[in-house]
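Descriptive structure summary
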Amino acid sequence: MNSSLHTTNASMIISWLVIAGLFLLVIFQYWEVTRYRRRFNRLLGERLGLDGEGRAPHSTQSWFVGELMLPVILLDTAKARVLSISPGAREWMAGLGVYRPETFIERQLADNDGENLSFRELKEQLSLHHRESVSFIDQVELVDDVGRTRRLAINVTSLPLACTRGDQLLVFVSGVMSETDDDTAFQKFYQLIGATLTQPSLPLALNSILSALAKTTSQPVSLSVSIYRPETDSLELTTRRDLPDALTEPLKTAAAGYGHGVHATAAILDRPVLQDLRKPSDSLPRALAAKMMAAGVTFWASWPVCGLNGQLLGTLDVYGNRPGVIDRLSGRVPLAIHLAAATLERHHAAREVQARVQSLERQALFDHLTGLYSRGKTEEAMRQAIAHAQRYKTPLALAMFDIDLFKRINDTWGHDMGDEVLRSLSNRVRQTVRGADVVGRWGGEEFLLLLPETRLEDAMLVAENIRKKVEDGNYSPVPVVTVSLGVADYQLGDTPETLVKKADEALYAAKEAGRNRVVAHTGSGYREAAS
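What counts and what doesn't
- Residues numbered from 1 in each chain as written.
- Predicted model: local features only at pLDDT ≥ 70, side-chain atom pairs only at ≥ 80, totals over all residues.
- Heavy atoms only, no water.
- Helix = DSSP H or I, 4+ residues; strand = E, 2+ residues; numbered from the N terminus.
- Buried < 20%, exposed > 50% of the residue type's maximum accessible area, 1.4 Å probe, protein only.
- Contact = heavy atoms within 4.5 Å.
- Areas by Shrake-Rupley, 256 points an atom, 1.4 Å probe, with all protein chains shown as cover.
- Axes fitted to C-alpha atoms, helices over the stretch in contact; angles between N-to-C directions.
- Parallel < 35°, antiparallel > 145°, perpendicular 65-115°, else oblique.
- Nonpolar A, V, L, I, M, F, W, Y, C, P; charged D, E, K, R; others polar.
- Pairing = 2+ DSSP bridges.
- Core = buried A, V, L, I, M, F, W, Y, C linked by side-chain atoms within 4.5 Å.
- Salt bridge = Lys/Arg side-chain N within 4 Å of Asp/Glu carboxyl O.
- Expected span 1.5 Å × (residues − 1).
- Arc of directions from axis to C-beta.

What about the overall build of the chain?
Assigned secondary structure in the chain consists of 15 helices and 17 strands. The burial tally for the chain puts 44% of its 531 residues in the buried class. Here the analysis covers contacts within the chain between residues at least 6 apart in sequence; of these, 55% occur between residues at least 24 apart. Accessible surface, the chain: about 28,700 Å² in total, of which carbon and sulfur atoms supply 53%.

This is the structure:
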């Protein structure tokens, strides 16, 4: 009997414990939902920059959007469909004449080849920005009840929040930027893009940005862009608009450091700086502040302009005599900064490409050790010279020469001294020949000299002059350096290969005859020049 009673009591205790556990679990779940709701409200307010008028979600499911009064749309970019539309978004779109927003949005985003932004492009933008917030301007077409087509430019912000899953995307539509039949807003926008990103002149491209920014306010304001020069670690005034002439020289250059100017301070702090010049400040020299106030400028705001990898490109500066003007412009400056950064990066990249091309061209045209023409350039010049001689029946001579016993120089004094001999000898030969002559390094210690409008006899005199010039040179510690030269002239039917072969054979004959001499290929034999 007692045993049965104890068993019943234990069962009741366990049952009550289970019920209490379930009750605590329900309370915990309610607490979790409340905490998540508050977190979402805070996160949404931070990301959208709004106060968050709608109620928070109860879970990560799509239905929570239906409780928000903000104009928010939840998309599934994988399945290309609308998951949910908030009442705020429905009301906003109804004001535009759209009464079936799901169908309209999916139609707008379905065509990957159309002008409108597509689901695929949305995903690409997210992948490029590593699922961070992405803002863009989209163009849509609306057909109202009477069949009239309107084009709208809409500012859209996509927000891949932590509360969305997989390919879900939260989109906040901020409003219509313009509503015109002839698409004026987009024309102006693309005109500005074209002026900044296709203009070959950097000052003109930057001036287009400043002009567009200045037109957004009716108040008098001065603007400028200064470019950062890393080689001197300084800012250089490049473009200005309505800046008093008296300030051009004081703002021409400034060291990129704290206290050298509001723009220099903004550059070093990597954040915008607004300075009331009437108040003491260590962000710029007192003398500069006095000059600016004398010119009628009492407020100076500067924003650093940075590239994609965060490197400093320059600063965008706004000057005025009323703080309200700068405050009103500050919301419009980010677009100008983005355009300025893109413009500066494009021009920097163009300069780098041009410098690289010039470097490659120089490497292709000139020998890096001697500074003479490379073999490729020498061969090209020879083909042109032969073509000219054939067409105009003019004389052409060629001389090949190399350094006598050059291997002994390398073995005795080292390759560094051998390189120095090559450089010194090349300079002497370059100073000896005419401007119209072409001298290039053929390979190793061998050189080739093209002598346009020169007969064989005159070419032998030039070669002898080179031989003496080289022999008389000072190549310390090498006691003496000499060269052997083979000369040949162009005859009808010669090709670059046959002409070089004749000069090379003459050079071999000079070596065989004892080196340090000039031998010419006469066609029927060889003739040595008188020393």
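Remarks on the packing of helix 6 (residues 202–214) against helix 10 (residues 333–365)
Where helix 6 meets helix 10, the axes come as close as 10 Å, and the angle between the chain directions of the two elements is 175 degrees. By the criterion of interaxial angle, the relationship of helix 6 to helix 10 is roughly antiparallel. Listed contacts from helix 10 to Leu202, Ala205, Leu206, Ile209 and Leu213 of helix 6 are Val333, Ala336, Leu339, Ala340, Thr343, Leu344 and His347. Its residues assigned to classes, the contact of helix 6 with helix 10 shows ten nonpolar, two polar and no charged.

Notes on the sheet that holds strand 16 (residues 518–521)
Judged by pairing direction, the sheet is mixed, and its six strands sit side by side in the order 13-14-12-15-16-17 without closing on themselves. Two strands bound the open sheet, and with one partner strand each, they are strand 13 (438–443) and strand 17 (526–528). Recorded for the sheet is a direction-independent mean angle of 25 degrees between the axes of neighbouring strands. Bridge count between strand 12 (residues 396–403) and strand 15 (residues 483–489): seven bridges; the pairing is antiparallel. Of the residues in strand 15, the one forming a bridge with Phe401 is Leu485.

Some thoughts on the packing of helix 12 (residues 406–413) against helix 13 (residues 415–432)
As a packed pair, helix 12 and helix 13 sit with axes 6 Å apart at the nearest point and diverge in direction by 135 degrees. It follows that helix 12 is oblique to helix 13 by the angle criterion. Between helix 12, through Phe406, Ile409, Asn410 and Trp413, and helix 13, the contact on the second element is made entirely by His415, Met417, Gly418, Val421 and Leu422. Looking at side-chain class alone, the contact of helix 12 with helix 13 contains six nonpolar, three polar and no charged residues.

Regarding the sheet that holds strand 7 (residues 234–241)
Across the sheet, which stays open at both edges, the six strands sit in the order 8-7-6-11-10-9 with antiparallel pairing between neighbours. In this open sheet, the two strands that pair with only one neighbour each are strand 8 (253–255) and strand 9 (273–276). The average angle at which neighbouring strand axes cross in this sheet is 25 degrees, direction not considered. Of the strand pairs in this sheet, strand 10 (residues 299–306) and strand 11 (residues 312–320) are connected by eight bridges, and their pairing is antiparallel.

Remarks on the nonpolar core
Ranked by size, the top nonpolar core spans 33 residues in total, and within it Ile403, Leu425, Val481 and Val487 carry the most contacts. Among the elements of the structure, strand 12, helix 12, helix 13, strand 14 (446–452), helix 14 (456–471), strand 15 and strand 16 are those that each provide at least two residues to this core. The element best represented in this core is helix 14, accounting for six residues. With near-sequence residues (within four places) excluded, Ile403 lies in contact with Ile409, Val421, Leu422, Leu425, Glu445, Phe447, Val481, Thr482, Val483 and Lys511. One finds Ile209, Ile227, Leu329 and Leu344 within the second-largest nonpolar core, a separate group that totals 26 residues.

Some thoughts on the pattern of salt bridges
According to the stated counting rule, one finds 15 salt bridges in the structure shown. For the salt bridge of Arg467 with Glu471, the shortest nitrogen-to-oxygen distance reads 3.2 Å. With Arg467 and Glu471 both in helix 14, this residue pair falls four residues apart, about one helical turn. By relative accessible area, which is 6% here, Arg467 ends up buried. One salt-bridge network, held together by shared partners, links Asp402, Asp404 and Lys511.

Overview of helix 14
Given a rise of 1.5 Å per residue, 16 residues ought to cover 22 Å, and the 22 Å separating the end C-alpha atoms of helix 14 matches this to within 8%. If you check which residues of helix 14 are buried, you get Leu456, Ala459, Met460, Ala463, Glu464, Ile466, Arg467 and Val470. Burial along helix 14 is one-sided: seen end-on, the buried residues are contained in an arc of 160 degrees. Summarising the contacts, the buried residues of helix 14 are in contact with strand 12, helix 13, strand 14, strand 15, strand 16 and strand 17.

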